[in-house]
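# Working through the structure, step by step
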Amino acid sequence: MIVGQAPAKVILTGEHFVVHGQPALAAAVNLYSKATVRPGVYGIVQISSPELGVKRSYPTRLINTVPSSTHDDSALEPLRLLVGKVLEEAGETDIGLDLEIISQIPVGVGLGSSASTAVSTTAALAEFLNLHFEKNDILKIASVQEKHVHKKPSGIDASTITYGGVLCFRVGEQPIRLQSNDQMSIVIGNTGSSRSTGVLVTNVSKRVAVGDKELTRINESAGNLTLQAVQAYKERDFDRLGQLMCANHELLMQIGVSTTELDTLVEAAMSAGAFGAKLTGAGGGGCMIALSRPEDRTRIADAISSNGGSAYLVELDTLGVRICEDQTDMH
Ligand code: MEV
């Protein structure tokens, strides 16, 4: 049995704008997806997710061609494609295997659950099939699923989750991994409403495509803002980083991807003493994050909870994807 584990991610600055060429700053955090691969019945691939309540078997030979037959198993389609891709890489056409996915990462709320699942699955399958993949190889394959799920992803989610730590990311460039700082404390607030990243990204992209001047201006200031945020992070100037996160939230409000619920949680976190707070991920619902002093975390989490959100106190994950030694525990 092989278990691959991958973290969740939060975006500190630059979501959406990163799709349009700007840099963004992201961090891997310690909520995890786990993919377990076991030997299975010869010639059959079984994929299951107990949380989604779905399980399906495919003839290994046909895994790249069988389409989804029912609404129930459509949630497994991205994984089917991914398994097919890894088997193709390994030249396996008849092997039998069982793949089970479990995850602590809430789905569709901006924490990179689909990218995390893709990355942990790719790592586990590659290990099972003795493919000797490096992180770069895992990322390349996992991006297949991301494209299926999000249509035109920048790649920031899968990159952050694969490498771990804090990353300055720009499309088309090798991400820069910044030195991790364990003094950085993040509280996540989940509004509980899920949404489609693909739809939100497409809406913003349409405005960019028609040359919307306002959006072009905002896009450029967001890029600038991220460069300042990278500097503030390097200097461990969390006051400044927090201010920049708030300014970034304003820009995201201006492009129409925030919601009243997200704004409420951002305000609640700020009133409870956060350095800064903003929505994280695609917006339109989903999660916000607050940057806090370690000693203020609980107060900020309480403020989020009393304003209708679910709060998670998270730590940086510095390892990114890995094969788990301890196969019983989620951490
Ligand atoms: C999603 O976590 C971040 C977005 O910028 C989309 C992407 O970069 O692929 C909204």
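All values reported here derive from a predicted model rather than from experimental measurement.

Turning to the overall build of the protein, a few remarks are in order. Helix and strand counts for the protein come out as nine helices and 12 strands. Over its C-alpha atoms the protein spans a radius of gyration of 20 Å, differing by no more than 12% from the 20 Å that the globule rule assigns to 331 residues. Expressed along its principal axes, the backbone C-alpha trace of the protein runs to roughly 60 × 45 × 35 Å. Considering only contacts in the protein between residues 6 or more positions apart, those separated by 24 or more positions represent 73%. For the protein, the exposed surface amounts to about 13,700 Å²; the carbon and sulfur share of it is 50%. For the protein, the centre of its 28 positive side-chain charges and the centre of its 36 negative side-chain charges are spaced 5 Å apart.

Turning to helix 4 (residues 156-163), a few remarks are in order. Of all eight residues in helix 4, eight are buried, a share of seventy percent or more. Taken together, the buried positions of helix 4 are occupied by I156, D157, A158, S159, T160, I161, T162 and Y163. Remark: G164 follows helix 4 within two positions and exhibits a positive phi of approximately 75°.

Before going further, it helps to examine the site of the ligand. As a structural note, the neighbourhood of the ligand is formed by 13 residues, with K9, H16, P153, S154 and D157 the closest of them. The side chain of K9 places a nitrogen or oxygen atom 3.0 Å from an oxygen atom of the ligand. H16 places a main-chain nitrogen or oxygen 2.8 Å from an oxygen atom of the ligand. Here the ligand loses 96% of its free accessible area of 300 Å² to cover by the protein chains. Counting residues per element, the ones that place at least two in the shell around the ligand are strand 1 (2-13) and helix 4. Split into classes, the residues belonging to the shell around the ligand amount to seven nonpolar, three polar and three charged. Both domains that furnish three or more residues to the shell around the ligand are identified here as domain 1 (2-176) and domain 2 (181-314).

Moving on, we get to the pattern of salt bridges. Here the structure, examined in full by the defined rule, presents 11 salt bridges. Its salt-bridge partner being R322, residue D317 comes within 2.7 Å of it at the nearest N-O pair. According to the relative accessible area criterion, D317 is buried, its value standing at 3%. Connected through shared salt-bridge partners, R293, D296 and R299 make up one network.

The subject of this paragraph is the layout of surface pockets. Of the volumes computed, that of the second largest pocket is approximately 310 Å³. Contributing to the lining of the second largest pocket are 16 residues, with P153, S154, G155, S159 and F169 lying nearest its centre. Contributions of two or more residues to the lining of the second largest pocket are made by helix 3 (135-150) and helix 4. If one sorts the elements of the lining of the second largest pocket by residue count, helix 3 sits on top with four residues. In terms of residue class, the lining of the second largest pocket is made up of seven nonpolar, five polar and four charged.

Running from amino to carboxyl end, helix 1 (residues 77-90) crosses helix 2 (residues 113-128) at an angle of 30°, the nearest separation of the two axes being 10 Å. Put simply, helix 1 runs roughly parallel to helix 2. Of the two elements, helix 1 crosses helix 2, and the hand of that crossing is right-handed. On helix 2, the residues that touch L79, L82, V83 and V86 of helix 1 are T117, A118, T121, T122, L125 and A126. In terms of residue class, the contact of helix 1 with helix 2 is made up of seven nonpolar, three polar and no charged.

So, on to the domain arrangement of the protein. Segmentation of the protein into domains returns domain 1 (2-176) and domain 2 (181-314). Using C-alpha coordinates to define each centre, domain 1 is positioned 25 Å away from domain 2. Contacts between domain 1 and domain 2 engage 27 residues on the former and 42 residues on the latter. For the pair domain 1 and domain 2, the two sides together bury roughly 2,800 Å², of which 70% comes from carbon and sulfur. The interface formed by domain 1 and domain 2 contains one salt bridge. E15 serves as the salt-bridge partner of K278, at 2.8 Å between the closest nitrogen and oxygen. At the boundary of domain 1 and domain 2, one finds 11 residue pairs in polar contact (both at pLDDT 80 or more). If you list the elements that add at least two residues to the side of domain 1 that touches domain 2, you get strand 1, strand 2 (24-39) and strand 6 (166-169).

This part takes up helix 7 (residues 238-254). If you check helix 7, its first and last C-alpha atoms are 24 Å apart, about what 17 residues at 1.5 Å a residue would give, namely 24 Å. The inward-facing, buried residues of helix 7 abut strand 1, strand 2, helix 6 (213-234), helix 8 (260-271), strand 9 (276-280) and strand 10 (287-292). Following helix 7 by one or two positions, G256 adopts a phi angle in the positive range, close to 85°.

Reading the values: the criteria
Residues numbered from 1 in each chain as written. Predicted model: local features only at pLDDT ≥ 70, side-chain atom pairs only at ≥ 80, totals over all residues. Heavy atoms only, no water. Helix = DSSP H or I, 4+ residues; strand = E, 2+ residues; numbered from the N terminus. Rg over C-alpha atoms; globule rule 2.2 N^0.38 Å. Contact = heavy atoms within 4.5 Å. Areas by Shrake-Rupley, 256 points an atom, 1.4 Å probe, with all protein chains shown as cover. Lys, Arg positive; Asp, Glu negative; His and termini not counted. Charge placed at Lys NZ, Arg CZ, Asp CG, Glu CD. Buried < 20%, exposed > 50% of the residue type's maximum accessible area, 1.4 Å probe, protein only. Near = heavy atom within 4 Å. Polar contact = N/O pair within 3.5 Å; in protein donor to acceptor, adjacent residues only side chain to side chain. Nonpolar A, V, L, I, M, F, W, Y, C, P; charged D, E, K, R; others polar. Domains from an automatic or database assignment. Salt bridge = Lys/Arg side-chain N within 4 Å of Asp/Glu carboxyl O. 1 Å grid on protein atoms, 1.4 Å probe; cavity = no way out; pocket = protein on both sides within 12 Å on 5 of 7 lines; lining within 4 Å. Points joined across faces, edges and corners; volume = space filled by probe spheres on them. Axes fitted to C-alpha atoms, helices over the stretch in contact; angles between N-to-C directions. Parallel < 35°, antiparallel > 145°, perpendicular 65-115°, else oblique. Left-handed = near helix turned anticlockwise from the far one by under 90°. Buried area = accessible area lost by both parts, 1.4 Å probe. Expected span 1.5 Å × (residues − 1).

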